[in-house]
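Working through the structure, step by step
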Amino acid sequence: MSRLVMKFGGTSVADLERIRRVARIVAAEAARRPVAVVVSAMAGKTNELVAWTDGAGGAAAGLPMSDDEYDVVVASGEQVTAGLLAMVLRNMGVPARSWLGWQVPIYTDDAHGRARFDEIPPEKLVAAMDGGEVAVIAGFQGMTRDGRITTVGRGGSDTTAVAIAAAVGAGSCDIYTDVDGVYTTDPRIESKARRLARISYEEMLEMASLGAKVLSTRSVEMAMARNVPVRVLSSFAEPGESDGQGTIVCDEEEIVEKRIVSGVAFSRDEAKISLYGLPDHPGVSREIFGRLADANVNVDMIVQSHAHREGAANMEFTVGKRDAARAVEVVRAAKDIIGFDDVAVDEDVAKVSVIGVGMRSHAGVAKTMFGALADKGVNIQVISTSEIKISVLIDAAYTELAVRALHAAYGLDRL
Ligand code: ADP
Ligand code: ASP
Ligand code: MG
């Protein structure tokens, strides 16, 4: 049988009892085929480690994280769970050993805190797996070519799992988490959310990047690029119970049942920056967004409008909350060159998005969205669209109301 890569997230390995349950699920698969398991740190552990680095003055709030010692600290959570799971498996009579990033080795670039996978020579892992030993790999971490520890960004164990699956040529990459699949929206917000049996890579990529943290954005990107079949499953089911369950992330052509909208995503990690009284002439946007790009600030939505004053314009754009202070600093520092009157930041905003490949061929999706929000009295501040999604920025206080209203408006509770 083909090789299998399984990944268990933080809540699935939160204590020894859960690690034992994970070991039973792994043992059932390992009896049938070569297996590698990727684990996260115990739930809450990475946050605690990050807080310690803040305390030690490592990645000072708001500054881009480029601290190699930050990675040494935050990568340690995964070392603990990898060792514990290997121990428990051995005690059950299942041959297993732990693998840290540098032992595999998992090479990344040197962008500490948000490194990208470079190369994973598969020989050692494949030899262990095919020899009947479960390879328990610490997720989230890797190393630079000159031997320094790196981490690949929060939620990055999903990406480790897909990268390992691609490297060892696995037949499937099974992501076990605390929900039993990908839902039409976050089931914590809308209890009427429905599990999707299948979702296309493209839709999953939009869902992830627009806030559905069930899979990391990069893991979906990589699965799509390297053609890795991904399944999302519950780690709380008993071994074997998940057969035929969960969600398969696959090519659009493999999905028979066509939907116009597949899901609703939301993100509260947004900040809106408004610039008032800009000169209305060519080159202003280049001046603003060029500077932000140079400072490594990722800008998402942008809207420009005429100001009341003749020849003047206003500009609003959104950035991640973590980047807001830096973005304001950058534009303020160039106030005279850019030439605006005033700047304001609003962190009480949320982005709500509807996603579906059916939008390519169906009109009226936006009309339904704007209608549903208007009926609930939710004001839209900024709009952005792509071929398969529409996003709106709203007051954060209305996030849940908007998500539920949109979920109902597209009939997602009746799928
Ligand atoms: P893990 O620790 O296993 O990596 P995460 O917390 O990162 O798990 O991701 C799982 C969570 O993602 C779920 O508990 C759920 O609240 C959230 N989530 C958000 N959107 C969705 C969605 N569309 N479908 C399923 N889960 C979602
Ligand atoms: N432990 C890391 C985090 O909390 C990686 C992961 O869980 O995917 O971000
Ligand atoms: Mg996760």
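Here, every reference points to the structure presented above.
These numbers come from a predicted model, not from an experiment.

**Let's talk about the site of ligand 1**
Within the structure, ligand 1 sits among 17 residues, and Thr177, Asp178, Tyr183, Asp186 and Arg188 are positioned closest to it. Between Thr177 and ligand 1, the recorded distance is 2.7 Å, taken from a side-chain N or O atom to an oxygen atom. Take Arg188: an N or O atom from its side chain is 2.6 Å from an oxygen atom of ligand 1. Considered on its own, ligand 1 offers 570 Å² of accessible surface; in the complex 90% of this is hidden by protein. The residue makeup of the shell around ligand 1, split by class, is seven nonpolar, five polar and five charged.

**Remarks on the nonpolar core**
Counting 50 residues, the largest nonpolar core has Val5, Ile137, Ile164, Cys173, Met204 and Val230 as its most contacted members. In terms of residue count, helix α6 (residues 157-168) provides more of this core than any other element does, seven residues in total. When sequence neighbours within four positions are dropped, the list of residues in contact with Ile137 reads Ala36, Val37, Val38, Val39, Ala82, Trp99, Val104, Ile106, Leu125 and Ile164. The next biggest cluster of nonpolar side chains, apart from the first, holds 26 residues, and it includes Ala82, Ala86, Val88 and Leu100.

**So, the site of ligand 2**
Around ligand 2, the structure places Ser40, Ala41, Thr46, Glu78, Phe140, Arg154, Gly155, Gly156 and Ser157. Side-chain polar atom of Glu78 to a nitrogen atom of ligand 2: 2.6 Å apart, as the coordinates give it. Within the backbone of Gly155, an N or O atom sits 2.8 Å from an oxygen atom of ligand 2. Compared with its free state, where it exposes 270 Å², ligand 2 has 86% of that area covered by protein. For the shell around ligand 2, the class distribution of residues is two nonpolar, five polar and two charged.

Basis of the calculations
In this convention, every chain numbers its residues from 1, walking through the sequence in written order. As a convention, the first chain written is A and the first ligand written is 1, with the rest following in written order. Where totals are concerned, whole chains, interfaces and linings use all residues; where local detail is concerned, this predicted model gives features only for residues with pLDDT of at least 70, and gives and counts side-chain atom pairs only at 80 or more. Values reported for side chains reflect all heavy atoms of the structure, with hydrogen atoms and water molecules removed beforehand. Whether a residue is near a molecule or strand depends on its heavy atoms: if one lies within 4 Å, it is near. We define a polar contact as two N or O atoms separated by no more than 3.5 Å, with the added condition that, inside protein, one atom must be a possible hydrogen donor and the other a possible acceptor, whereas residues neighbouring each other in sequence contribute only through side-chain atom pairs. All accessibility values rest on the Shrake-Rupley procedure with a 1.4 Å probe; residue burial counts only the protein chains present in the view. In this classification, Asp, Glu, Lys and Arg are treated as charged, Ala, Val, Leu, Ile, Met, Phe, Trp, Tyr, Cys and Pro as nonpolar, and every other residue, Gly included, as polar. As used here, the term nonpolar core means buried Ala, Val, Leu, Ile, Met, Phe, Trp, Tyr and Cys residues forming a set that is joined through side-chain atoms within 4.5 Å. Exposure classes here rest on a 1.4 Å probe applied to the protein chains alone. A residue is buried below 20% of its type maximum, exposed above 50%, and partly exposed in between. Strands are runs of DSSP state E lasting at least 2 residues, helices are runs of H or I lasting at least 4, and numbering of each runs from the N terminus. In what follows, a contact means two residues having at least one pair of non-hydrogen atoms within 4.5 Å.

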